[in-house]
Amino acid sequence: MAQSSSPHPYAEFVHRVEKPARYLGGEYGVTRKDWDGVKARICLAFPDLYDIGMSHLGFKILYKILNDDPRTLGERCYAPWVDMEKELRARELPLVSLESARPLSDFDVVGFSLQFELTYTNILTMLDLGRVPLLSSERGDDDPLVIAGGPTATHPEPLATIIDAFVIGDGEERTTDIALLWTDLKKKGVPRNDRLLAIAKLDGVYVPAFYAVAIDPDTGMEVVDRPEVPGLALPIRRNMVDDLNRFPFPHDGPVGGPEAIFDRMSIEIARGCTEGCRFCQAGMIYRPVRERDPEQIVDTLVKAVKGSGYDGVSLTSLSTADYSCIAPLIQKVTERLAPEKVSLGVSSLRAYGLSENVLDDMRKVRASGVTFAPEAGSQRMRDVVNKNVTEEQLMTTAERIFSRGWDSMKLYFMIGLPTEEEPDVREIVQVGKRAREVGKRVRKETSNAGPPKVTVSVSTHVPKPHTPFQWCAMDTEDRVVEKQRWLSEEAKGAKGVELRMHDSRTSWLEGVFARGDRKLGRVLVRAYRNGARFDSWEDQLKIDVWEEAFRAEGIAPADYLGTIPVSARLPWSHIDVGLEEGFLVREYRKALKSRLSPPCGKAAGAFVHHTNLEDAEKDHRKLVCYDCGVACDLSAMKSERLVYLTKLGAKKPRVVEPKPVPAPPPPREEVAPAIAAAASGDAASTTTSASTTTASAPAKKKGPAPPPRIVQGAARRTRFVCAKV
């Protein structure tokens, strides 16, 4: 049973650490199940802070799936911050789950979410403190099965000696299957190695212990060569949920406290992306696009707001603007949520995806800023990365945004892209400058006080596996520093544009582990034992520890960061994410020639989907497919969009609501005499003016004025009008 009646093992000291609530659980909406009343117990382990992990959508989905199934139990655990790790080691206490306060070693399965390569040392911290042996080869029959899934599980070799089994692709169905098979075989007395072999025979599951490696002569890197047990799959094909509606997004679940960074209700409205950005791993490995039913989305948001107390909601996907009926969906969401006075966020927007109606709907609920990712400053570079957007579209959207009262815009860019030159880099800040100039002009025309805020955020490109850029060299640290200097020089002449740049040292380490092989496991363990933790946090990164670990293991990081021949076998070639073998090479070569590929799943030449049934039914053009290798039923996709538009009641084109025209200021000559009189102390003139203005007004009652009427939750605005004397 859950240890609810016993003192928490951290009770005596947890007040000594930063944000104690990270480790205690007990949030509203938490699920506690009878420990002895289930067949399999799974600890969902997120290798980063509670503050970040509580907002992760995949965690929420798996938590609900496991706890809705009467056969399984799902609990949570997050990486302890450095102060908490110190306290646990000093007291020789284990890392425990939030729900039952049991150590990780008590669970049948410990499942890690792999979102980012720089969380790998945190996995070791959690296993170590959870009393689970670090290496797969060191675990015995009574130790839990350690599995992992997520985007970086598609290039798993640096963790091959640590993780027992990787779930490739979508995890909704496979996680439960693995847990039940593992516990069933354990109860029958099957040895651990035989249990692992049974797990390895499941579709979409990779167990590294049963695969041999060899050195590729073109690169010198270790690659998976063959299965050591006959009958095991090679390559390992990903799991894919063909219909997201079979797994409704949860409207309940633990509600994070003030520690959670994204304290809002977020819902995944689609999985996959049609755009084909050549740097984006998620856009490649999560194909094809699968959309949630819009009715399900709206109902989930309404239930979540009423049941949880969230005052903000967010629509989330890889490219939310490309959800096929995004405009009528936002209209429906705002109609249902405006009375609740909650804010609406729409992530992953594209410059071409925001019609005037969409922006008007978003302004009906609270919103302060919007974010776009042009990714590159020049049009040539946007073509290289296949970012199907022009600066004209971006500036048009900026005008629409700032004319409707938004006061800030954030733009995301990258440096270090293939074929990038100095003018391309310098143009990044100039795009932000031009967007601010548009906003400044528009806000002045619409009488919105103050110039807008434009933030330009620049990160360093890391070539990722399963993308067309997986063969590209990564910029050296010196080259990145030089490009950052160019950006800083441009920012000096861009008043009002805030420039933010990423620490290139973390990108270097990320690049090594993104393209790394099995040998890096030794480096990882050594760096962990020498103190490496939270490597994605710039104030925690110990680059000297990593450099020493590479030297001690005789491994040169530069070997993983150079150009890779397209003919070479890669450390991730044994993982099949569904892409046709020649597709990535074709896209790579088109990038080097600055050639675009059209978005798939849209009619040729179309940037956005039709927003109403009438226009959609008239369009008989075929949807674009450029043979990536993923099997898509384009006819079914087109039919589904018609169904969704019908469900949202979007039958005819929506008329654009006219923007209110601000009243013109009074003529200068009418106000000047009154100002001059007040400045010179001419009481008679001022009194006459005042009496003329208020002659028809009723006499005011004496006594204090009544307090202002305030509606709970209503936005309060104060406008100050100043006259220059």
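It should be noted that the structure appears before, not after, this text.
Quick look at the structure, then. (Residues numbered from 1 in each chain as written. Predicted model: local features only at pLDDT ≥ 70, side-chain atom pairs only at ≥ 80, totals over all residues. Heavy atoms only, no water.)

**Thoughts on the environment of Val442**
Positionally, Val442 belongs in helix H13 (residues 422-445). Since its relative accessible area comes to 2%, Val442 is described here as buried. Spatially, the C-alpha atom of Val442 lies 8.7 Å from that of Arg400, the residues being 42 residues apart in sequence. If we skip the residues at most four places from it in the chain, Val442 touches Glu399, Phe402 and Ser403. (Helix = DSSP H or I, 4+ residues; strand = E, 2+ residues; numbered from the N terminus. Buried < 20%, exposed > 50% of the residue type's maximum accessible area, 1.4 Å probe, protein only. Contact = heavy atoms within 4.5 Å.)

**Remarks on the nonpolar core**
Ranked by size, the top nonpolar core spans 131 residues in total, and within it Phe112, Trp546 and Phe550 carry the most contacts. Val241, Ala270, Leu344 and Val454 belong to the second-largest nonpolar core, a separate cluster that totals 71 residues. (Core = buried A, V, L, I, M, F, W, Y, C linked by side-chain atoms within 4.5 Å.)

**Topic: helix H3 (residues 82-91)**
Within H3 the residues assigned to the buried category are Met84, Glu85, Glu87 and Leu88. Taken end-on, H3 shows its buried residues confined to a sector of 165°, consistent with a single buried face. When the buried face of H3 is taken as reference, the exposed residues oriented beyond 90 degrees from it are Lys86 and Ala90. The inward-facing, buried residues of H3 abut helix H4 (120-129). Positioned one or two residues after H3, Glu92 has a phi angle of 55°, which is positive. (Arc of directions from axis to C-beta.)

**Side note on the packing of aromatic side chains**
In total, this model carries 16 aromatic pairs according to the counting rule given. An angle of 75° between the planes, with centres 5.4 Å apart, marks the rings of Phe513 and Trp546 as edge-to-face. On the criterion of sequence distance, the pair formed by Phe513 in helix H15 (residues 504-514) and Trp546 in helix H17 (residues 543-553) is long-range, its members being 33 residues apart. With respect to class, Phe513 is no different from Trp546; both count as buried. One aromatic cluster is present, built from ring pairs that chain together Tyr120, Trp508, Phe513, Trp546 and Phe550. (Phe/Tyr/Trp six-rings, centres within 6.5 Å; stacked < 30°, edge-to-face > 60°.)

**So, the pairing of strand S13 (residues 312-316)**
Counted residue by residue, S13 has four buried out of five residues, so it is predominantly covered. Relative to strand S14 (residues 343-346), S13 runs parallel, the two being bridged by four bridges. The residue of S14 that forms the bridge with Leu315 is Val346. After leaving S13, the chain enters helix H9 (residues 326-337) and then returns to the sheet as S14, a path that is right-handed. (Pairing = 2+ DSSP bridges. Right-handed = clockwise from strand over helix to strand, strands pointing away.)

**Observations concerning the sheet that holds strand S1 (residues 40-46)**
If you walk across this open sheet you meet the six strands as S2-S1-S3-S4-S5-S6, and the pairing is mixed. A strand with exactly one partner marks an edge of an open sheet, and here the two such strands are strand S2 (72-78) and strand S6 (205-206). The sheet contact formed by strand S4 (residues 145-149) and strand S5 (residues 165-167) spans three bridges and is parallel. Bridge pairing links Ala148 to Phe166 in S5. In the packing of H4 onto the sheet, the strands contacted are S1, S2, strand S3 (109-113) and S4, and the crossing angle to S3 comes to about 160°. (Axes fitted to C-alpha atoms, helices over the stretch in contact; angles between N-to-C directions.)

**Quick notes on the sheet that holds S14**
Taken in spatial order, the three strands make up an open sheet running S10-S13-S14, and their pairing is parallel. Strand pairing shows two members of the sheet lacking a second neighbour, strand S10 (265-268) and S14, which therefore form its edges. Between one strand axis and the next, the sheet turns by 20° as a mean value, whatever way the strands run. Here helix H8 (residues 294-308) sits on the sheet and contacts S10 and S13; the angle it forms with S10, its principal contact strand, is near 160°.

**Thoughts on a negative patch on the surface**
On the surface, Glu477, Asp478, Asp544 and Glu547 cluster together into a negatively charged patch. Every element with two or more residues in the negative patch is listed here: helix H14 (477-492) and H17. As for its placement among the helices and strands, Asp478 is situated in helix H14. (Patch = residues over 30% accessible without salt bridge, like charges linked within 9 Å, V, L, I, M, F, W, Y side chains within 5 Å. Areas by Shrake-Rupley, 256 points an atom, 1.4 Å probe, with all protein chains shown as cover. Salt bridge = Lys/Arg side-chain N within 4 Å of Asp/Glu carboxyl O. Lys, Arg positive; Asp, Glu negative; His and termini not counted. Charge placed at Lys NZ, Arg CZ, Asp CG, Glu CD.)

Honestly, it's all geometry; don't read function into it.
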